[in-house]
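These are the residues of each chain, in order.
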Amino acid sequence: MRADVTKALARSFFEEWARTGYAGLSLERVARTAGVGKAALYRRWPDKVSMASDLLSQVGLTMTDVEEHGSLEADLQAVLLAIRRVLRHPKVRRILTDLHGEIERTPALELAIRPFQRARRERINGLIDRAIERREVSPSVDREMAADLIAAPLYWRIAVLGGRSDRAYIERLARITGAALRANQA
């Protein structure tokens, strides 16, 4: 399969999703907008859920993939900057807020998306592991709560409230989140 066709289909899929929402998403329109036939799309993905799951996992897993930066706050700042970079894009914000509503209405989408969400949280666990190794947080830290604390405030501010987050805000959020993680024991 040609990579340029796959890329065009992915771009068209996300454009269409941002424009219509998942419920209004038409794979025929995605193929037409990408300039290919429906068969080219269906050779890659059998249905809308499969396409969404595959493309979101490719994009979403790299979002929180950051290298070690030497301290908890520096690692948190790097993750928060990576998340902010993605959430600043208006189409991404529209897709993510729609996705979170749609997984409640579409069980097949929820089943397809949850594994990639768990994988993303596992990457956050790597950040926690490094902080434990550096003795910056307790080994008894509540990992689920930690993962919630790391991403949720920034997502809420940008995607839900439409707020801004400059570098100073990210630095403050990293400090506050780091303090919460140090105090957060299971």
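Everything numeric here is computed off the predicted structure, so don't read it as measured data.

## Some thoughts on the environment of Arg-93
Within the element layout of this structure, Arg-93 appears in helix 6 (residues 90-105). A relative accessible area of 24% means that Arg-93 is categorised as partly exposed. Remark: the alpha-carbon pair of Arg-93 and Ala-159, spanning 66 residues in sequence, is separated by 5.4 Å. Leaving out residues up to four positions away in the same chain, Arg-93 has contacts with Leu-87, Arg-88, Ile-158 and Ala-159.

## Notes on the nonpolar core
Counting 59 residues, the largest nonpolar core has Leu-9, Phe-13, Trp-17 and Met-51 as the members making the most contacts within it. Beyond its immediate chain neighbours, meaning those up to four positions away, Met-51 contacts Leu-9, Phe-13, Leu-27, Val-30, Leu-41 and Trp-45.

## Describing the pattern of salt bridges
Applying the stated criterion across every chain, the model contains 14 salt bridges. A salt bridge links Glu-73 to Arg-182, with the nearest nitrogen and oxygen atoms 2.8 Å apart. Of the two residues, Glu-73 sits in helix 5 (residues 72-87) while Arg-182 sits in helix 9 (residues 167-183), which places them 109 residues apart along the sequence. Residue Arg-143 pairs with Asp-129 through a salt bridge whose shortest N-O separation is 2.5 Å. Taken together, the residues span a long stretch of sequence, with Arg-143 in helix 8 (residues 143-160) and Asp-129 in helix 7 (residues 107-133) at a distance of 14 residues. For Arg-143, a relative accessible area of 28% corresponds to the partly exposed category. For Asp-129, a relative accessible area of 33% puts it in the partly exposed group. One continuous salt-bridge network, built from bridges that share partners, spans Glu-68, Asp-75, Arg-130, Arg-134 and Glu-136.

## Considerations on unusual backbone geometry
A negative phi holds for most residues other than glycine; trans holds for most peptide bonds. The backbone phi angle of Arg-135 is positive, close to 60°, even though this residue is not glycine. Taking the relative accessible area as the measure of exposure, Arg-135 reaches 77% and is therefore exposed.

## With respect to the UniProt feature "DNA-binding region" (unreviewed entry) in the protein
Taken from the UniProt record, the annotation "DNA-binding region" (unreviewed entry) applies to residues 26-45. Within residues 26-45, the helical portion is 75% and the strand portion 0%, while the C-alpha atoms at the span's ends are 13 Å from each other.

## Considerations on the packing of aromatic side chains
Considering all chains together, one arrives at three aromatic pairs under this definition. With 5.7 Å between their ring centres and 70° between their planes, Phe-13 and Phe-14 make a pair best called edge-to-face. Phe-14 carries the same exposure label as Phe-13, and that label is buried. Taken together, the aromatic side chains of Phe-13, Phe-14, Trp-17 and Tyr-22 make up a single cluster linked through ring pairs.

Procedures and definitions
- Residues numbered from 1 in each chain as written.
- Predicted model: local features only at pLDDT ≥ 70, side-chain atom pairs only at ≥ 80, totals over all residues.
- Heavy atoms only, no water.
- Helix = DSSP H or I, 4+ residues; strand = E, 2+ residues; numbered from the N terminus.
- Buried < 20%, exposed > 50% of the residue type's maximum accessible area, 1.4 Å probe, protein only.
- Contact = heavy atoms within 4.5 Å.
- Core = buried A, V, L, I, M, F, W, Y, C linked by side-chain atoms within 4.5 Å.
- Salt bridge = Lys/Arg side-chain N within 4 Å of Asp/Glu carboxyl O.
- UniProt positions renumbered as here; feature names shortened; annotations may be inferred.
- Phe/Tyr/Trp six-rings, centres within 6.5 Å; stacked < 30°, edge-to-face > 60°.

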